[in-house]
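# Inside the fold
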Amino acid sequence: MTKISIFSGFLGAGKTTLMKKLIAEAYAGEKLVLIENEFGEIGIDGGFLQDAGVEITEMNSGCICCSLVGDFGKALVQVLEQYHPDRILIEPSGVGKLSDVIRAVQKIQTHDVELDGFTTVVDAKKCKMYQKNFGEFFNNQITYASCLILSHTAGLSQEKLDDCVHRLRSCNAKAPIVTTDWDQLTGAQLLDAMRQNNTLDDELQQLLTKQQHHDRYHEHEHHHHHHADEVFSSWGVESAQTYTQEEICAALEALSDADTYGMVLRAKGIVPAKDGSWIHFDYVPGTPDVRQGSAGTTGRLCVIGSQIQEAALQTLFHAE
């Protein structure tokens with residue numbers, strides 16, 4: 001089985017840098033083949049890739065989006081038959097439509113291949129400009145992405161970062177968005193985001209399950225017959241909003257006010273701090289645990305309880 005990972009993004013977004021990081025830290029030990037077409041960034045020099053154990057395939061089929069989808073499929077089959085790699089990394093041209101590339105890969109499903117995600121790298125500084133000037137091409141890469149990784153977020157104002165995230169969400173409501181500067185992340189963390197292993201839904205699901213087990217256990221003691229699903233609700237948000245430890249502590253303390261926020265049983269989060277570090281918090285009523293920790297791919301917080309007041313929580317954590 002060969003996994004196929006597609007990396008899309010406009011020229012200069014940082015695809016090459018991202019791929020170098022993943023090849024070094026995340027795909028170690030896999031036999032890789034990189035396919036980039038001639039409109040790709042010439043920046044990848046043969047030497048670096050041979051060091052990483054990647055054989056280079058020169059593709060002369062031009063720009064994938066120029067209705068040369070058939071040719072591209074042939075090149076792919078050739079690579080599969082010649083190298084039998086564990087993974088093929090495809091870097092379509094910066095103006096290629098991601099949907100075309102996906103279609104080309106789907107056409108060769110007869111071979112033992114599996115699409116392992118379409119990652120789009122977005123230059124956070126240029127997001128607005130690209131959306132205005134290259135609307136359809138730019139948005140196509142966003143809409144079809146299974147993971148969106150922002151580049152050049154270091155030193156970007158909160159306002160610009162939020163604007164970028166809003167623009168991406170308007171095209172793609174589901175894909176995880178990595179807003180943290182890559183230098184703070186490991187290849188494994190990026191891979192988690194690309195595989196959607198470590199998203200908010202995942203986190204909420206785990207918390208809910210724990211809470212339900214806990215409750216069923218206590219149910220037997222009191223012979224209450226209620227269904228956990230009816231009782232519990234959850235609220236969660238992923239955003240690049242920054243906080244201070246004091247703000248988080250104050251917000252967690254406020255959660256004990258059940259009239260305002262509902263009956264909160266558990267709150268959890270990993271959020272960026274104003275000073276560039278990261279705050280991890282875990283709250284059960286009466287014991288807020290707030291500490292510094294490692295970076296997350298984006299800020300994330302969730303609250304579980306009954307009769308949760310979402311609007312009030314949104315205001316409390318000033319989360320979009």
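Structural notes, computed from the coordinates. This is a predicted model, so every value here is computed, not measured.

### Some points on the nonpolar core
What tends to happen in soluble globular proteins is that the nonpolar side chains get buried as a cluster. Among the nonpolar cores identified, the biggest contains 24 residues, and Trp235, Ile248, Leu252, Leu255 and Phe317 are the most heavily contacted of them. At the level of secondary structure, the elements contributing two or more residues to this core comprise strand S8 (233-239), helix H11 (245-254), strand S9 (263-272), strand S10 (278-284), strand S12 (299-306) and helix H13 (310-316). Not counting residues within four places of it along the chain, the set of residues in contact with Ile248 comprises Tyr243, Val271, Ile279, Phe281, Val290 and Phe317. In terms of nonpolar packing, the next biggest core, distinct from the first, is built from 23 residues, Ala13, Tyr27, Ile149 and Leu185 among them.

### Re unusual backbone geometry
For His152, which is not a glycine, the phi torsion comes out positive at approximately 55°. For His152, the position within the fold is in the loop between strand S6 (147-151) and helix H7 (158-171). His152 gets classed as partly exposed once you look at its relative accessible area, which sits at 38%. Positive phi, close to 50°, is recorded for Gln307, a residue that is not glycine. By relative accessible area, Gln307 is classed as exposed at 63%.

### Quick word on the sheet that holds S8
On the basis of which strands lie adjacent, the open sheet formed by five strands has the order S8-S12-S9-S10-S11 and antiparallel pairing. Edge positions in the sheet fall to S8 and strand S11 (287-293), since each of these pairs with one other strand and no more. Looking at each pair of strands side by side, their axes are set apart by 10° on average, direction ignored. In this sheet, S10 lies alongside S9 in antiparallel orientation, the contact comprising six bridges. Bridged to Val271 within S10 is Ile279. With respect to the sheet, H11 is in contact with S9, S10 and S11, its orientation differing from that of S11 by roughly 160°.

### Re the packing of aromatic side chains
Overall, the coordinates contain three aromatic pairs when judged by the stated rule. Arranged with centres 5.8 Å apart and planes meeting at 50°, the rings of Tyr130 and Phe138 form a pair that is tilted. Here the aromatic rings of Phe281 and Phe317 are separated by 6.3 Å at their centres, their planes lie at 5°, and the arrangement is stacked. Within this pair, whereas Phe281 is found in strand S10, its partner Phe317 is found in the segment after H13, the two being separated by 36 residues in sequence. For the pair shown, Phe281 and Phe317 are each scored as buried. A network of ring pairs unites the aromatic residues Trp235, Phe281 and Phe317 as a single cluster.

Cut-offs used in this document
- Residues numbered from 1 in each chain as written.
- Predicted model: local features only at pLDDT ≥ 70, side-chain atom pairs only at ≥ 80, totals over all residues.
- Heavy atoms only, no water.
- Core = buried A, V, L, I, M, F, W, Y, C linked by side-chain atoms within 4.5 Å.
- Buried < 20%, exposed > 50% of the residue type's maximum accessible area, 1.4 Å probe, protein only.
- Helix = DSSP H or I, 4+ residues; strand = E, 2+ residues; numbered from the N terminus.
- Contact = heavy atoms within 4.5 Å.
- Pairing = 2+ DSSP bridges.
- Axes fitted to C-alpha atoms, helices over the stretch in contact; angles between N-to-C directions.
- Phe/Tyr/Trp six-rings, centres within 6.5 Å; stacked < 30°, edge-to-face > 60°.

Geometric descriptors of this kind do not, in isolation, establish any biological role.
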